[in-house]
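Results of the structural survey
Letter by letter, the chains look like this.
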Amino acid sequence: MSPLDHKLLRDLWRMKGQAAAIGLVIAMGVMMLVMMTGLVASLSETRHAYYDRYRLADVFAPVSRAPDRMIAELAGIDGVSAVEGRVTGQALIDVPGEDLPVQARAISLPDRGRPALNDIFLTDGRLPETGRTDEIVLLNSFARAHELAPGDMLRATMNGQRRSFQIVGLAQSPEFLYTTAPGELVPDDARFGVIWTSRSGLAAAYDMEGAFNEALIALTRGANENAVLSAADRMLDPYGGAGAYGLADQASNRFVAEEITQMDAASRVVPPIFLAVAAFLLYIVILRMVQAEREEIGLVKAFGYTNAEVGAHYLKFVLAIAVGGAAAGCLLGIAAGRGLVGLYTTYYKFPFLVFQLDPGSFITGFLVSVLVASAGGLLVLRNVFALTPANAMRPPAPPDYSRSGRRLGGLKTFLDQPSRMVLRRLTRQPGRMAGAIVGIACGMALSVSMLTLFAGFERTMDQTFSVVDRSDVMVTFTHPLSAKTLFELQRIPGVERAEPVRNVSVVLRNGLRSHRGALTGLPSTPDLNRALDADMEPLVLPAEGIVLSVPLARTLGIEAGDMLAVDVREGRQPLLQIRVASIAHTLLGSPAYMQLDALNRALREPGRVSGAYLTIDEALQSDIYRTLQDMPTVAGVSVKSDARAAFEAIINSGAGATRFVYGAIAFIITFGIIYNAARIAFAERTRDLASLRVIGFTKAEAAFVLLGELAVVTLLALPLGALMGYYLSFGIAAGFSTEFYQVPADFDPGSYGMAIMVVLGAALISGLIVKRDLDRADLVSALKTRE
Amino acid sequence: MPEPAFTTHRLTKVYGEGRSAVHALRGVDLEIPGGEIVVLLGPSGSGKSTLLNIIGGLDRATDGSAHFRDRNLSQMTDSQLTRYRRDHVGFVFQFYNLMPSLTAHENVELVTEIARDPMDPEEALALVGLRERVDHFPAQLSGGEQQRVAIARAIAKQPDVLFCDEPTGALDSQTGRAVLEVIRDVNETLGSTVLMVTHAANTAQMADRVIHFADGALREVVVNDTKLSPAEIDW
Ligand SMILES: Nc1ncnc2c1ncn2[C@@H]1O[C@H](COP(=O)(O)OP(=O)(O)OP(=O)(O)O)[C@@H](O)[C@H]1O
Ligand SMILES: [Mg+2]
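A quick note: this is a predicted structure, and the numbers were derived from the prediction, not measured.

1. Focus on the confidence of the model for chain A
With 96% of its residues at a pLDDT of at least 70, chain A reaches an overall mean of 85. Confidence scores differ between elements of chain A, with helix α12 (residues 402-407) of chain A showing the lowest mean pLDDT of 51 and strand β10 (residues 211-219) of chain A the highest of 95.

This is the structure:
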């Protein structure tokens, strides 16, 4: 081995603490990139595989009642590869021990064999036996939420009739990864059930013998979905077609897709930022490390080593750290990614897992680390090469303190010698200090932005459930009713107030862009369920026109003042043209609002409501629930505290939960940065500090000179980091915002306070570690070798 | 007189500018014959190291010219200077300048690695009496021992010219004499030109030629007709 390689290894060993700190920071950046892109790749791959294996339909075509022969006609549409007709219906399940019945959907299974489309994955028990109309398979997640198991009996109301069923099996279905009760915003396993039972039994219950009320359609590769949708609509129109829609608009898929999109967006924003910070740190450290080697460089050059040879040596040195860090990051990323994918697979109820890595992330991780390290190394080397060996070998001229000495003259009387040493170093080596300050500021910025993000999530939740929605209970009717129903509700003892709402299911279209969702009609000044903008100001609902949320307007590519096509998907199904009155920032969901009266006018259905928000007297809660349950026009009752819990569960364990992973890594990086700054200061000053000790300064005084510098640098970094973090948090919050919920990046003093604590804590720990090394340092050898 | 190894013409070196400028060399005209041992004497700060650095190819003159044989050092590119140092020059620096993270052996190896016809590093270390300490790091060696490693490092490449900046500064008389013997051997067996800076005036007794330096200029060049071997020098 050549002596330079010996030197390389020994230098690495000597600087192992520092090398490890830099390696760690890089490793964390790369790990995050590998892990998160791997997570996104694995989840979308798994989802596709799951959909594929269980033959999830590409198109769903609900209809009132179509004869079975229409199946063959639908199959004849160009681009259709398979069609399955099934019977589905609303049901209410009586869950033992609960005041309120739970909404459910009953779905038919063929009497013989498996469904051609939308197959289910039986996790427990068996399928209903042929001819047994009292046997059902229950959605696994719902059964678990209510501790139901095969063998249990279940009472349900279907089409107005109470019936008893025996649960014979539990199943998962790609169609119901997420279940959201009609009229509710947040998916909740416990609040919506799915029942599968035999076609003949269900047909009898819903009066569908020889007919179906939902067609499932699979497309051939490359088929034109829009053409199929229109063809199906045309064919089913005479039978009360409610409008075919593609998988992209299917509720569960939409939610999962949104989750994956959120992770994808976050993984495109956050890891690059972290990696950039790691890269910047690497750059600063390499700069200082190579600077410290000036004399050695001069020496080997004096012996006749060429610039290329010397450059290669130092590049090897920085690459060892960069590549080591990146490699560790890749390995950690694979391991952690695997674990995370496993967790999410369970969370999203995928029955199996396709683990996949994004090779691009490895390449990016390596390239960024290596390029930045080389750039940092080369930049300093270029300066060093410009020196003649004689100059390079001369120990760097002691910084000229004469001017600062004069400038500090006035302070002399107040400051003792060690304090003056700290101050002088800060003022005389501004370049180095600036590097250290910006480095620590980056750590502070990461912490600030992650903590702001955490606070943003809390805020979204709080505001949605205490400021936006101030009701206790939401009642959904089976169909739009006269506004007079409200008085009926108000008469129930214990109901304090009732406020009408009308949700109309619609497809909003602007040219080729469309969005399937609900249009919400509210009183002009709603009080219980308010339409608020992101600043918590009530939205002004104009007498005419629609108010769209920002993500919705973006999806539709539409601006205020434009006309929006509203394809109503219920009742007479009119096609309306309504002007977009304004576009508003909202926090939860992607709502489209209208004034209730204006909406009813547009629909030509004056005085109709589809539900109501209630505030109730908690003491009478059970009685109220019982009364509501007995009202035949009430389809569902949702309790806000349940909804809140469900929302909390979603953002704390879904894609939103990756924020904790990001946060943890941010804190590790912050610590790495600060520890590293302390180590560099220590390495650069070992000799000075030893000299101080030799001339009689105490350990504490010597430590003060070193730690004082670290303290001042850290304190200077705090405001800069806070400012950087302020801007960073907008980018990060945007990465975490979805169609389903928006995360604000508002200034939150608490987050800044926390971030300051994190940085100071890291500085304190780093300082203590370095101080311990300083106390242990051998004076004589510190003086003998220069470093 | 043999072919000159070095000739300088009005060699000038100014550090810094303006009022704080230091004139380290003020137009030095000098001729150093090949194969001789030349000793450079002069008070501290008179420009001895500066001269060595320039004709050793470590630094560039501000003005004037310096030739090694027939090659003009002042006109060489950086890479030509590197080549020159690599192929012809051995250096013993005033401040030893060992690599702290390399052992004595590896410090010598650092030079023999890239030399054309080097000795074995062990052999070079043995010549300076450090056979036993080859695996020690500079921090484990005394100042004099470090200086001897530096000398071993310079002679190990068997250079055409050997520059020694106070090679015996930190040595006792006995070790100092041994080191000077080694230097003289290199001069005699290889015919290397030796240029040695020293504060010990009696070292001049082993030189072919003694150059007296003061205030950045030549004072006097004395040819020594009564050259002594280091053993005979009176300390
Ligand atoms: N890089 C530099 N910048 C400014 N002045 C310098 C520099 N290097 C040397 N000098 C000055 O040039 C003059 C000559 O220095 P040089 O090192 O050549 O002296 P020297 O004769 O070797 O002295 P010594 O015997 O003390 O080693 C001195 O006055 C010194 O202060
Ligand atoms: Mg000198």
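2. Section: unusual backbone geometry
The residue A:Asn118 is not glycine, and still its phi comes out positive at about 50°. Judged by its relative accessible area of 4%, A:Asn118 is buried.

3. Here we look at the confidence of the model for chain B
Chain-level pLDDT for chain B is 89 on average; 99% of the residues reach the 70-or-more range. Under the prediction, the complex receives an ipTM of 0.88, its pTM being 0.77.

4. Looking at the interface of chain B and chain A
In this assembly, 28 residues from chain B lie in contact with 25 residues from chain A. Summed over both sides, the interface of chain B with chain A buries roughly 2,500 Å², with 61% coming from carbon and sulfur. Applying the counting criterion to the chain B and chain A interface returns two salt bridges. The partner of B:Arg86 in a salt bridge is A:Glu309, and the shortest N-O contact between them spans 2.9 Å. For the pair chain B and chain A, the interface holds eleven residue pairs in polar contact (both at pLDDT 80 or more).

5. Thoughts on the pattern of salt bridges
Across all of its chains, the model carries 46 salt bridges over all chains by this definition. A salt bridge links A:Glu135 to A:Arg132; the shortest N-O distance between them is 3.7 Å. Of the residues examined, A:Glu135 reaches a relative accessible area of 1% and is grouped as buried. For B:Asp29, the salt bridge is made with B:Arg10, and the minimal N-O distance between the two is 3.4 Å. Note that B:Asp29 is positioned in strand β2 (residues 22-33) and B:Arg10 in strand β1 (residues 4-15), a separation of 19 residues in sequence. Among the ionic contacts, a cluster of salt bridges with common partners joins A:Lys7, A:Asp11, A:Arg14 and A:Glu293.

6. Some words on the sheet that holds strand β11 (residues 245-246) of chain A
Residues and elements named next belong to chain A. Read from one edge of the open sheet, four strands run β2-β10-β1-β11, paired in antiparallel fashion. Taken across any chain shown, the strands that pair with only one partner, and hence form the sheet edges, are β2 (80-86) and β11. Judged from the six bridges that link them, β2 and β10 form a sheet pairing that is antiparallel. Counted as the bridge partner of Arg-86 is Glu-214 from β10.

7. Topic: helix α18 (residues 621-630) of chain A
Residues and elements named next belong to chain A. Among all positions of α18, only Ile-624, Tyr-625 and Leu-628 are buried. The buried residues of α18 all sit within an arc of 100° when viewed along its axis, so they share a single face. Residues of α18 that are buried sit in contact with β12 (473-482), α15 (485-491), β13 (495-510), β19 (608-616) and β20 (634-639).

8. Focus: the pairing of strand β3 (residues 88-94) of chain A
Residues and elements named next belong to chain A. Of all seven residues making up β3, five are buried, and the element is well covered by its neighbours. Relative to strand β4 (residues 102-109), β3 is paired through six bridges, and the arrangement is antiparallel. Paired with Leu-92 across the two strands is Gln-103, which belongs to β4. Here β3 runs beside strand β7 (residues 153-158); their pairing, made up of four bridges, is antiparallel. Counted as the bridge partner of Ile-93 is Ala-156 from β7.

9. Re the domain arrangement of chain A
All names here are of chain A. Domain annotation for chain A reports domain 1 (88-207), domain 2 (429-469 + 645-787) and domain 3 (470-644). Relative to domain 3, the C-alpha centre of domain 2 lies at a distance of 46 Å. Taken together, both faces of the contact between domain 2 and domain 3 bury some 1,800 Å²; the carbon and sulfur share is 49%. Considering only the side of domain 2, the residues that lose the most area to domain 3 are Phe-465, Asp-469 and Glu-739, jointly responsible for 33% of the buried surface there. On inspection of domain 2 and its partner domain 3, the count reaches two salt bridges. Salt-bridge contacts for Glu-648 lead to Arg-644; the nearest nitrogen and oxygen are separated by 3.4 Å. Across the domain 2-domain 3 interface, the total number found is ten residue pairs in polar contact (both at pLDDT 80 or more). Secondary-structure elements contributing two or more residues to the side of domain 2 that touches domain 3 are α14 (430-468) and α19 (640-653).

10. Brief notes about a negative patch on the surface
All names here are of chain A. On the surface, Asp-472, Glu-496, Asp-617 and Glu-618 cluster together into a negatively charged patch. Secondary-structure assignment places Glu-496 in strand β13. With a relative accessible area of 48%, Glu-496 lands in the partly exposed category.

11. Here's the deal with the sheet that holds β1(B)
Residues and elements named next belong to chain B. Here we have four strands laid out as an open sheet, ordered β2-β1-β4-β5, and antiparallel in their pairing. The open sheet has two free edges, formed respectively by β2 and β5 (71-72), since each of these has just one partner strand. One ladder, built from nine bridges, connects β1 with β2; its direction is antiparallel. Within the sheet, the bridge partner assigned to Tyr-15 lies in β2 and is Val-22.

12. Considerations on the environment of A:Met32
All names here are of chain A. Along the chain, Met-32 turns up in helix α2 (residues 16-53). Residue Met-32 is classed as buried on the basis of its relative accessible area, which comes to 0%. For the pair Met-32 and Leu-332, spaced 300 residues apart in the sequence, the C-alpha separation amounts to 8.8 Å. Not counting the four nearest positions on each side in its chain, Met-32 is found in contact with Thr-37, Val-270, Pro-271, Phe-274, Tyr-662 and Ile-665.

So, how was this worked out
- Residues numbered from 1 in each chain as written.
- Chains lettered and ligands numbered in written order.
- Predicted model: local features only at pLDDT ≥ 70, side-chain atom pairs only at ≥ 80, totals over all residues.
- Heavy atoms only, no water.
- pLDDT = per-residue confidence, 0-100.
- Helix = DSSP H or I, 4+ residues; strand = E, 2+ residues; numbered from the N terminus.
- Buried < 20%, exposed > 50% of the residue type's maximum accessible area, 1.4 Å probe, protein only.
- Contact = heavy atoms within 4.5 Å.
- Buried area = accessible area lost by both parts, 1.4 Å probe.
- Salt bridge = Lys/Arg side-chain N within 4 Å of Asp/Glu carboxyl O.
- Polar contact = N/O pair within 3.5 Å; in protein donor to acceptor, adjacent residues only side chain to side chain.
- Pairing = 2+ DSSP bridges.
- Arc of directions from axis to C-beta.
- Domains from an automatic or database assignment.
- Patch = residues over 30% accessible without salt bridge, like charges linked within 9 Å, V, L, I, M, F, W, Y side chains within 5 Å.
- Areas by Shrake-Rupley, 256 points an atom, 1.4 Å probe, with all protein chains shown as cover.
- Lys, Arg positive; Asp, Glu negative; His and termini not counted.
- Charge placed at Lys NZ, Arg CZ, Asp CG, Glu CD.

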